[in-house]
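Examination of the molecular architecture
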2 protein chains.
Amino acid sequence: MVNTQQGTEEKILEAAKKVFHRKGYEGARMQEIADEAEINKALLHYYFRSKENLFEAVFKDAFFKLMGRAKTVFLSDKPLKEKIQEFLSHYLDVLSENSYIPWFILNGMYERPDVLKVIFEKAEINPLQLMERLRNQIQDEYGSEVNPFHIWLNVLSLSIFPVVAKPLIRELFQITEEGYQQILEQRKTEVPRFITNALKGYEENS
Amino acid sequence: MVNTQQGTEEKILEAAKKVFHRKGYEGARMQEIADEAEINKALLHYYFRSKENLFEAVFKDAFFKLMGRAKTVFLSDKPLKEKIQEFLSHYLDVLSENSYIPWFILNGMYERPDVLKVIFEKAEINPLQLMERLRNQIQDEYGSEVNPFHIWLNVLSLSIFPVVAKPLIRELFQITEEGYQQILEQRKTEVPRFITNALKGYEENS
DNA sequence: GTCTATATCGGGATAGAC
DNA sequence: GTCTATCCCGATATAGAC
């Protein structure tokens, strides 16, 4: 009532974000989103024609917020270790305040693989180019013939999983929110060290 | 009709497993499970009273099938690299056919963190004991003072994330189901190598 | 135990007043 | 643009014949 004019659509998106985050696509209820936004269901359909549309909007926003930077970082000309450090630092900063994003994306992938496909087309990601660059860089800097795909997957795993598994980690070790944030902070240096150590190790075997 | 007696309940569980795997709890349809089992909906409710019951049965079975082994592997007396190899091998085998398990666990964590707690209590996991053992083993075998928590988290990340992110990986690189299974197979040796290489790397810096 | 038919309800979507 | 009331389909669950 008070906060009109530029408010409603934003409020809906904000509410949808929260609900889709908590429940996923199938679990989310339009009613719950409406309640969260303090409006009624009909208005949701006025702004976004369907549940699917609304989901897509939220999903895209989250995805690009997360992945937008990653592409430019990995296509830059810096040493690999620096890239990984930069990626982790940026990524963990963004996520410590938006820890719902990676889970939301993973969940969305399972529930709506079709949406994922559309997004990748729009994002203009060329994974093969990335792999080639990574292969060359590893060979140049570490002199080893390693499958770049697995290295890439390792970097992603080590970055994303600890954020997604936050509730598991906190419950299992009885860690406070501050303790968890501290762990993420440590990982900004620990993970790049771990990876570069591993890459150095390949030299001797090759 | 032919394969009666010990058949129906098993067939239902098998079908439910497949469908819940593909769609998750909310996305799964009792009709689809019935079709998959080649029976009708009513029979599902005859054997299991509700959808929730059926899901719980499927989930518990798979969860303990998965985690039962993990504990014994990591508390055994073998060298660390062997433990990791064994863990990955077993884990990836089970999950390539039940990849919904980590997804469900994550989902449950976010929706009902309390449930997670109960599961851990039943599984009788002692994380601190595990950490101590890991710290000692790393020190014995690699002579380095490393924070075992991060190593543990790395092992988990490298094992679980590639399974959870299956749709992302397949879509991004346009990989077939066979191709994906091949990747998992490769990781059974790649990941232990990666980790032990990294651990060796710490020696020089310590 | 297994089937067909049906009850019941929840949720996405629309109509139409204001 | 925002609301109330309602449509309508689909999904879980049950009744009851065989």
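Residues numbered from 1 in each chain as written. Chains lettered and ligands numbered in written order. Predicted model: local features only at pLDDT ≥ 70, side-chain atom pairs only at ≥ 80, totals over all residues. Heavy atoms only, no water.

Of the positions making up helix H7 (residues 113–123) of chain A, those classed as buried are A:Val115, A:Leu116, A:Ile119, A:Phe120 and A:Ala123. Down the axis, H7(A) shows its buried residues gathered within 135° of arc, on one side only. Looking at H7(A), the residues exposed on the side facing more than 90 degrees away from the buried face are A:Glu121 and A:Lys122. Buried residues in H7(A) make contact with helix H4 (51–74) and helix H6 (100–111) of chain A together with helix H10 (166–173) of chain B. (Buried < 20%, exposed > 50% of the residue type's maximum accessible area, 1.4 Å probe, protein only. Helix = DSSP H or I, 4+ residues; strand = E, 2+ residues; numbered from the N terminus. Arc of directions from axis to C-beta. Contact = heavy atoms within 4.5 Å.)

This part covers the protein's contact with DNA strand D. Around DNA strand D, 15 residues are found, and the nearest of them are A:Asn40, A:Tyr47, B:Arg29, B:Lys41 and B:Lys51. Close to the protein, within 4 Å, the atoms of DNA strand D belong to sugar or phosphate groups at a rate of 62%. With respect to DNA strand D, the side chain of A:Tyr47 contributes an N or O atom lying 2.6 Å from a phosphate oxygen. B:Arg29 places a side-chain nitrogen or oxygen 3.2 Å from a sugar or linking oxygen of DNA strand D. Listing elements by their share of the surface near DNA strand D, those giving two or more residues are helix H3 (41–47) of chain A together with helix H3 (41–47) of chain B. Ranked by residue count, the leading element in the surface near DNA strand D is H3(A), at 4 residues. (Near = heavy atom within 4 Å. Polar contact = N/O pair within 3.5 Å; in protein donor to acceptor, adjacent residues only side chain to side chain.)

Okay, the relation of the copies chain A and chain B next. For the pair chain A and chain B, the relating rotation is 177°, the translation along its axis is 0.2 Å, and the fit reaches an RMSD of 2.3 Å. In the structure described here, the two chain copies are related by an operation that fits a two-fold rotation axis. Mapped onto chain B, 96% of the interface residues of chain A again fall at the interface, so both copies present the same surface. (Least-squares fit on C-alpha atoms with pLDDT ≥ 70 in both.)

As a further point, take the nonpolar core. If you look at the biggest cluster of nonpolar residues, it comprises 148 residues, and the most contacted ones within it are A:Phe20, A:Ile33, A:Trp152, A:Phe194, B:Ile33, B:Trp152 and B:Phe194. Non-local contacts of B:Phe194, meaning those with residues more than four positions away in its chain, are made with A:Ile151, A:Asn154, A:Leu158, A:Phe194, A:Ile195, A:Ala198, A:Tyr202 and B:Leu158. (Core = buried A, V, L, I, M, F, W, Y, C linked by side-chain atoms within 4.5 Å.)

On to the domain arrangement of chain A. Residue and element names in this part refer to chain A. Segmentation of chain A into domains returns domain 1 (2–49) and domain 2 (61–205). On a C-alpha basis, the centroid separation for the pair domain 1 and domain 2 is 31 Å. The interface is formed by 6 residues belonging to domain 1 together with 7 residues belonging to domain 2. Taken together, both faces of the contact between domain 1 and domain 2 bury some 670 Å²; the carbon and sulfur share is 58%. It is Lys-17, His-21 and Tyr-25 that lose the most area in domain 1 upon contact with domain 2, and together they represent 70% of the buried surface on that side. Where domain 1 touches domain 2, the interface holds 1 salt bridge. For Asp-61, the salt bridge identified is with Lys-17, shortest N-O distance 3.5 Å. (Domains from an automatic or database assignment. Buried area = accessible area lost by both parts, 1.4 Å probe. Salt bridge = Lys/Arg side-chain N within 4 Å of Asp/Glu carboxyl O.)

In this section: the protein's contact with DNA strand C. Taken together, the neighbourhood of DNA strand C is formed by 15 residues, with A:Arg29, A:Met30, A:Lys51, B:Asn40 and B:Tyr47 sitting nearest. A:Ala28 has a polar backbone atom sitting 3.5 Å from a phosphate oxygen of DNA strand C. A distance of 3.0 Å separates a phosphate oxygen of DNA strand C from a polar atom in the side chain of A:His45. Of all the secondary-structure elements, those providing two or more residues to the surface near DNA strand C are H3 of chain A together with H3 of chain B. Broken down by element, the surface near DNA strand C gets its largest block of residues, 4 residues, from H3(B). Partitioning the surface near DNA strand C into residue classes produces 8 nonpolar, 4 polar and 3 charged. (Nonpolar A, V, L, I, M, F, W, Y, C, P; charged D, E, K, R; others polar.)

This paragraph deals with the interface of chain A and chain B. The interface is formed by 53 residues belonging to chain A together with 52 residues belonging to chain B. In total, about 5400 Å² of surface goes out of reach between chain A and chain B, with carbon and sulfur atoms giving 72% of it. The largest per-residue losses of area from chain A upon contact with chain B belong to A:Tyr110, A:Phe161 and A:Phe194, which jointly make up 15% of the total buried on that side. At the junction of chain A with chain B, the criterion picks out 2 salt bridges. Between A:Glu26 and B:Arg29 there is a salt bridge, with the nearest N and O atoms lying 3.7 Å from each other. The interface formed by chain A and chain B contains 6 residue pairs in polar contact (both at pLDDT 80 or more). The element best represented in the side of chain A that touches chain B is helix H9 (residues 148–164) of chain A, accounting for 14 residues. Grouping the amino acids of the side of chain A that touches chain B by side-chain chemistry returns 31 nonpolar, 12 polar and 10 charged.

Attention shifts here to the packing of helix H4 (residues 51–74) of chain B against helix H5 (residues 80–97) of chain B. Residues and elements named next belong to chain B. Where H4 contacts H5, the axes come no closer than 10 Å and their chain directions differ by 175°. The angle between H4 and H5 falls in the class roughly antiparallel. Side by side, H4 and H5 meet where Lys-65, Leu-66, Arg-69, Ala-70, Val-73 and Phe-74 of the first sit next to Lys-83, Glu-86, Phe-87, His-90, Tyr-91, Val-94 and Leu-95 of the second. Residue composition of the contact of H4 with H5, grouped by class: 8 nonpolar, 1 polar and 4 charged. (Axes fitted to C-alpha atoms, helices over the stretch in contact; angles between N-to-C directions. Parallel < 35°, antiparallel > 145°, perpendicular 65-115°, else oblique.)

Once that is clear, we can look at the pattern of salt bridges. All names here are of chain B. One pass over the full model with this rule turns up 31 salt bridges over all chains. Between Lys-188 and Asp-93 there is a salt bridge, with its nearest N and O atoms 2.7 Å apart. On the criterion of sequence distance, the pair formed by Lys-188 in helix H11 (residues 177–205) and Asp-93 in helix H5 is long-range, its members being 95 residues apart. Residue Lys-188 is classed as buried on the basis of its relative accessible area, which comes to 12%. Look at Asp-93 and you get partly exposed, because its relative accessible area is 42%.

Secondary-structure assignment places B:Ser157 in helix H9 (residues 148–164). The exposure class assigned to B:Ser157 is buried, which follows from its relative accessible area of 0%. Sequence-distant contacts of B:Ser157, defined by excluding residues within four places in its chain, comprise A:Ser157, A:Leu158, A:Phe161, A:Pro162 and B:Pro162.

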